[in-house]
2 protein chains.
Amino acid sequence: MFALVKAARERLRGQALVTPIMTSRTLDQIVGTRVYLKCENFQRTGAFKFRGAFNAISQLSDLQRKRGVLTYSSGNHAQAVALVGRLLDIQTTVVMPQDAPATKRAATEAYGAAVIEYDARATTREKIARDLASKHGYTLIPPYDHPAIVAGQGTAALELVEAVKPLGLLLVPCGGGGLLSGCAIASKGLDPHCQVVGIEPELADDATRSFRTRTLHTVNNPPTIADGTRTPSLGRVTFPLVLQHVADMQTVSEAAIMAAVRFLFYRMKLVVEPSGALGVAALLAGAVKPQGHVGVIISGGNIDGTTMTMILNAAPR
Amino acid sequence: MFALVKAARERLRGQALVTPIMTSRTLDQIVGTRVYLKCENFQRTGAFKFRGAFNAISQLSDLQRKRGVLTYSSGNHAQAVALVGRLLDIQTTVVMPQDAPATKRAATEAYGAAVIEYDARATTREKIARDLASKHGYTLIPPYDHPAIVAGQGTAALELVEAVKPLGLLLVPCGGGGLLSGCAIASKGLDPHCQVVGIEPELADDATRSFRTRTLHTVNNPPTIADGTRTPSLGRVTFPLVLQHVADMQTVSEAAIMAAVRFLFYRMKLVVEPSGALGVAALLAGAVKPQGHVGVIISGGNIDGTTMTMILNAAPR
């Protein structure tokens, strides 16, 4: 798999941004060691998802490209697929629940994708997507459970670890496990001593329980503010990779996630979405024990005004 | 004066951050050319003010250091002076109006300064400061009207122009004119063809009128959201420098400033205070005519939650 990550990096050259790595003296003092933030909130479309989407879609055959691609997502993956489609001149279709936020739908359409709504009470997005794919010949680009997606997301850690190694600890947000498993593969490939720890909201702790019990657990529609982690479980591809390459999983409270978003806003002047702040939340809340220098993947910055307002006013300063 | 800017850069080495330069394909497309943002919101204390304060205070004699320094400011300059005092082990006193926001006072005290309140209806901050300085032997570090402050602020443009020259246009926020005149000196020193344009809020257009008429105009307590530009006028040092080195001045509306803060938040994931967004506001509002590549000084990112909430909700997305 490490070879796939390195190959993905070559495909992404000149397409994905090599995002900045930010540091903060204040954060270093609080944590007691140097902390490097890999800022995927500055990535194209505002999240790491562009990496996996480009890596997967750019490998399609001419015939597949001609027929178009399809995905299901109401979040960052949808926008990433839509932009990659536009860049590679491939038609994209995105399946979204009827009640997806209008802003997310608009952003996806602005990148050029066709959005198809479905009733989440009547069917699942996976079923709708499979039906559409077989009917129209679309290639399905899943949000995380695919080796090319995993390899693409891993390039974020590849860039970080190459730039600042050695790291003792690397913290990665975990939703479906695509970013986490890819980053663990990349990090261990470059530096076997770096411990990779996945961070989840307490309210969406399926991956943590799956990791500890080595049995797949599911949490449907967890009410966490970290919307990027609302996937019900790890996938068939990502679960074994997480078991194999990840050192540990830890969870953080909703209050800790919001405190991290505020810290990144006020102290580092970074706009980070709740899912993107999980690693910093773990550090500030003491959920992980720092060892050596610490790397953190800031996974994205797509937060709407309502959510940011709520977080800033939850503890005014 | 250009030599003073270069000397300031040597003094600031290892103390001030060489802040990142950010770009955005979206912004480039809107403006029609490459735009480079010099991100002083990432500077220590969250604003460019650290540069001038360190440059001025680090040049004091041993006797002056022993007696301590004093300034008047309720904003970013106060925090900068307080931090520099702590770094150089010099006692700092900051004169603030009684009605200064509690958060600003707390931030200044957190850096170690003693805060002295005064009644803005009964006296002026300059008079209080002069009285205290003569009584205690403090050295006054004014917020902008001092050659060492001007030279320190100019290092922001020095770093930007060196990194990305040639620029056709450089946009700089203007309050008291310290940042503007310093950046104009630095920019013209490196590249005489770069036109430096100062940007002010329409509601605080004293410098624009002073520039056009070559006579000093004053606007007291302008009700602009861009609190960093609420200084009543250019200074005795900065006014002649602005006349000599600045190519033009332009103003932007409050709505344009807020739109720029939102653009920087949503599209670039940057937390920027209203004063810091003036250059981007001018570009988005068409207040300046881009020529060649464009540089913009993002002067700071110290915005409170209440103000950001108001701006994000002024035009929800």
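Residues numbered from 1 in each chain as written. Chains lettered and ligands numbered in written order. Predicted model: local features only at pLDDT ≥ 70, side-chain atom pairs only at ≥ 80, totals over all residues. Heavy atoms only, no water.

Enquirer: Just to check I follow, could you spell out the sheet that holds strand β2 (residues 35–39) of chain B for this structure?
Expert: Pairing between the strands of a sheet comes from backbone hydrogen bonds, and it takes one of two forms, parallel or antiparallel. All names here are of chain B. Read across the open sheet, the 6 strands follow the order β1-β2-β10-β7-β8-β9; overall the sheet is mixed. At either end of the open sheet lies a strand with only one pairing partner, and these are β1 (21–22) and β9 (248–252). In the packing of helix α10 (residues 206–213) onto the sheet, contacts are made with β8 (195–201) and β9, and the angle to β9 comes to roughly 150°. Of the strands in this sheet, β2, β8, β9 and β10 (294–298) touch helix α12 (residues 254–266), which is tilted by about 85° from β9. (Pairing = 2+ DSSP bridges. Helix = DSSP H or I, 4+ residues; strand = E, 2+ residues; numbered from the N terminus. Contact = heavy atoms within 4.5 Å. Axes fitted to C-alpha atoms, helices over the stretch in contact; angles between N-to-C directions.)

Enquirer: Sorry, what's going on with the pattern of salt bridges here?
Expert: In total, this model carries 30 salt bridges over all chains according to the counting rule given. Between B:E109 and B:R105 there is a salt bridge, with its nearest N and O atoms 3.1 Å apart. Here B:R105 and B:E109 lie together in helix α6 (residues 102–110), a separation of 4 residues that amounts to about one turn. Counted as one network, the salt bridges with shared partners bring together A:R9, A:E10, A:R13 and A:E162. (Salt bridge = Lys/Arg side-chain N within 4 Å of Asp/Glu carboxyl O.)

Enquirer: So what exactly am I meant to see when it comes to helix α7 (residues 125–136) of chain B here?
Expert: Given 3.6 residues to a turn, an α-helix orients residues that are three or four positions apart in the same direction. Residue and element names in this part refer to chain B. Here α7 spans 16 Å end to end across 12 residues, near enough to the 16 Å set by a 1.5 Å rise per residue. Among the residues of α7, I128, A129, L132 and A133 are the ones counted as buried. Relative to the axis of α7, the buried residues are bounded by an arc of 130° and lie together on one face. Across α7 from its buried face, at more than 90 degrees, point the exposed residues R130, S134 and K135. Where α7 is buried, its residues touch β3 (69–72), β4 (92–97), β5 (114–118) and β6 (139–140). (Expected span 1.5 Å × (residues − 1). Buried < 20%, exposed > 50% of the residue type's maximum accessible area, 1.4 Å probe, protein only. Arc of directions from axis to C-beta.)

Enquirer: Explain the side chain of B:T19 to me, please; I cannot follow it from the model alone.
Expert: All names here are of chain B. Positionally, T19 belongs in the loop between α1 (2–12) and β1. Look at T19 and you get buried, because its relative accessible area is 4%. In this structure, T19 is in contact with K38, C39, E40, F42, Q43, R51 and E159, ignoring residues within four places of it in sequence.

Enquirer: For this particular structure, what's the right way to read the pairing of β4(B)?
Expert: Put simply, side chains in a regular strand alternate between the two faces of the sheet. Residue and element names in this part refer to chain B. In terms of residue burial, β4 counts as a mostly covered element, since 6 of its 6 residues are buried. Alternating positions in β4 separate into two faces, T92, V94 and M96 on one and T93, V95 and P97 on the other, with burial throughout. Since β3 and β4 lie parallel, the crossover through helix α5 (residues 76–88) that links them has a hand, and here it is right-handed. In this fold, β4 hands off to α6, which returns the chain to β5; that crossover is right-handed. (Right-handed = clockwise from strand over helix to strand, strands pointing away.)

Enquirer: What should I look at first to understand the sheet that holds β3(B) in this one?
Expert: Residue and element names in this part refer to chain B. With parallel pairing, the 4 strands of this open sheet are ordered in space as β5-β4-β3-β6. Looking at strand neighbours, the two that pair on one side only are β5 and β6, the edges of this open sheet. The sheet contact formed by β4 and β5 spans 5 bridges and is parallel. Note that in β5 the partner of V95 across the bridge is I116.

Enquirer: Would you mind showing me how to read the nonpolar core here?
Expert: The nonpolar side chains of a soluble globular protein tend to be buried with one another. A:L37, A:L171, A:L270, B:L37, B:L171 and B:L270 are the most contacted members of the largest nonpolar core, which totals 82 residues. In this structure B:L270 touches A:F42, A:K269, A:V271, B:M22, B:L37, B:C39, B:N41, B:F42, B:L264 and B:F265, once residues within four positions along its chain are discounted. (Core = buried A, V, L, I, M, F, W, Y, C linked by side-chain atoms within 4.5 Å.)

Enquirer: Sorry, what's going on with the interface of chain A and chain B here?
Expert: By a frequent convention, interface size equals the accessible area lost on bringing the separate parts together. Of the residues lining the interface, 27 residues belong to chain A; the matching set on chain B comes to 27 residues. When the two sides are added together, the surface that chain A and chain B hide from each other amounts to roughly 2,000 Å², 60% of it contributed by carbon and sulfur. When the buried area of chain A at its contact with chain B is split by residue, A:R25, A:K269 and A:V271 rank highest and sum to 30% of it. The interface formed by chain A and chain B contains 0 salt bridges. Run the count over chain A and chain B and you get 10 residue pairs in polar contact (both at pLDDT 80 or more). In terms of residues, the side of chain A that touches chain B owes the most to one element, helix α14 (residues 305–314) of chain A, which gives 5 residues. Considering only residue class, the side of chain A that touches chain B consists of 12 nonpolar, 10 polar and 5 charged. (Buried area = accessible area lost by both parts, 1.4 Å probe. Polar contact = N/O pair within 3.5 Å; in protein donor to acceptor, adjacent residues only side chain to side chain. Nonpolar A, V, L, I, M, F, W, Y, C, P; charged D, E, K, R; others polar.)

Enquirer: Where do I start with the confidence of the model for chain A in this structure?
Expert: Detailed reading of the predicted coordinates is not advisable wherever pLDDT falls low. In this model, chain A carries an average pLDDT of 95, and 99% of its residues clear a pLDDT of 70 or more. Reported confidences for the modelled complex are a pTM of 0.96 and an ipTM of 0.95. (pLDDT = per-residue confidence, 0-100.)

Enquirer: Would you mind going over the relation of the copies chain A and chain B with me for this structure?
Expert: Copy one and copy two of the chain differ by a rotation about a common axis and a shift along it. Between chain A and chain B, the superposition needs a rotation of 180° and an axial shift of 0.0 Å, giving an RMSD of 0.0 Å. Accordingly, the operation relating the two chain copies is best matched by a two-fold axis. Interface residue correspondence from chain A to chain B reaches 100%, placing this contact among same-surface, isologous pairings. (Least-squares fit on C-alpha atoms with pLDDT ≥ 70 in both.)

Enquirer: Could you clarify how one ought to interpret helix α1 (residues 2–12) of chain A in this entry?
Expert: Residue and element names in this part refer to chain A. Among the residues of α1, F2, V5, A8, R9 and L12 are the ones counted as buried. Buried residues of α1 fall within an arc of 110° about the axis and therefore sit on the same side. Looking at the buried positions of α1, the neighbouring elements they touch are α3 (49–57), α8 (147–164) and α9 (178–190). Downstream of α1 by a residue or two, G14 has a phi angle that is positive, lying close to 80°.

Enquirer: Looking at this structure, I do not really get unusual backbone geometry. What am I missing?
Expert: As a rule of thumb, non-glycine residues mostly have phi less than zero, and peptide bonds are mostly trans rather than cis. Residues and elements named next belong to chain A. A cis amide bond, omega 5°, links K165 with the succeeding residue P166. Along the chain, P166 turns up in the loop between α8 and β7 (169–173). With a phi angle near 60°, D89 is a residue other than glycine that sits in the positive phi range. Its place among the elements puts D89 in the loop between α5 (76–88) and β4 (92–97).

Enquirer: Teacher, can you tell me more about the environment of B:A122 here?
Expert: All names here are of chain B. The topology assignment puts A122 in the loop between β5 and α7. By relative accessible area, A122 is classed as exposed at 64%. Taking the C-alpha atoms as reference points, A122 and I57, 65 residues apart in sequence, are found 30 Å from one another.

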